[in-house]
Amino acid sequence: MTKISFHHNGGNVDVLDVAAGTSIMRAAVANGVPGIIGECGGQAMCATCHVYVREEYVPGLPGIGEEEEEMLDCTVDPRDPERSRLGCQVFLKDGYGLEVDVPGQQV
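Procedures and definitions
Residues numbered from 1 in each chain as written. Predicted model: local features only at pLDDT ≥ 70, side-chain atom pairs only at ≥ 80, totals over all residues. Heavy atoms only, no water. Salt bridge = Lys/Arg side-chain N within 4 Å of Asp/Glu carboxyl O. Buried < 20%, exposed > 50% of the residue type's maximum accessible area, 1.4 Å probe, protein only. Phe/Tyr/Trp six-rings, centres within 6.5 Å; stacked < 30°, edge-to-face > 60°. Lys NZ or Arg CZ within 6 Å of the ring centre and 35° of its normal. Core = buried A, V, L, I, M, F, W, Y, C linked by side-chain atoms within 4.5 Å. Helix = DSSP H or I, 4+ residues; strand = E, 2+ residues; numbered from the N terminus. Contact = heavy atoms within 4.5 Å. 1 Å grid on protein atoms, 1.4 Å probe; cavity = no way out; pocket = protein on both sides within 12 Å on 5 of 7 lines; lining within 4 Å. Points joined across faces, edges and corners; volume = space filled by probe spheres on them. Nonpolar A, V, L, I, M, F, W, Y, C, P; charged D, E, K, R; others polar.

**Q** When you look at the pattern of salt bridges in this model, what are you seeing that I'm missing?
**A** Between side chains of opposite charge, a pair can form when the charged atoms approach closely. Counting across every chain of the model gives eight salt bridges. Across the pair arginine 79 and aspartate 73 runs a salt bridge whose closest N-O atoms are separated by 3.1 Å. When its relative accessible area of 26% is taken as the criterion, arginine 79 is described as partly exposed. The structure contains a network of salt bridges with shared partners spanning Arg54, Asp80, Arg83, Glu99 and Asp101.

See the structure below:
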């Protein structure tokens, strides 16, 4: 299990314990985290699972693939070149916690 924290505008935080190998998007949708939609079901085709990874966690993530790169140009809230990721493309590692900021809008 690993811990992921979803920080929302206004200061609310959803903290989840999820199984390693779960994507950020799946963790959020399965637990009713507001602001993460995952409209395409995790196929990197909609950008409704856009998150901003907190800076201290960015170095531990895998690189951005070509499909994710293209979809990040379609986010409703502005893309942050260092922190923006699609939640469906980032999978949680055992023992490696993660904190993300949820954008104000997804659609």
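Let us keep going from here.
**Q** What exactly am I supposed to notice about the packing of aromatic side chains here?
**A** The relative placement of two aromatic rings is captured by the distance of their centres and the angle of their planes. Applying the stated criterion across every chain yields a total of one aromatic pair. When the ring centre of tyrosine 96 is taken as reference, the NZ or CZ atom of lysine 93 above it lies at 5.0 Å.

**Q** Explain the nonpolar core here, please?
**A** Most often, soluble globular proteins keep nonpolar side chains buried together rather than apart. Ile4, Phe6, Ile24, Ile36, Leu86 and Leu98 are the most contacted members of the largest nonpolar core, which has 26 residues in total. No other element matches helix H1 (residues 24–30), which puts four residues into this core. Setting aside chain neighbours within four positions, we find isoleucine 4 in contact with Asp14, Val15, Leu16, Val18, Ile24, Leu92 and Leu98.

**Q** Looking at this model, I keep getting lost on unusual backbone geometry. Mind explaining?
**A** Across residues other than glycine, the phi torsion is negative in most instances, and most of the peptide bonds are trans. Phi is positive for alanine 44, which is not a glycine, with a value near 55°. If you trace the backbone, alanine 44 turns up in the loop between H1 and strand S3 (50–53). One non-glycine residue, alanine 47, lies in the positive phi region at around 65°. Locating alanine 47 in the fold gives a position in the loop between H1 and S3.

**Q** How should empty space enclosed by the protein be read in this particular structure?
**A** Regions of empty space are outlined by a rolling probe, equal in size to a water molecule, passed over the atoms. Under the criterion given, the structure shown has one cavity of 30 Å³ or more. One number sums up the size of the largest cavity: a volume of about 30 Å³. Grouping the amino acids of the lining of the largest cavity by side-chain chemistry returns six nonpolar, no polar and one charged.

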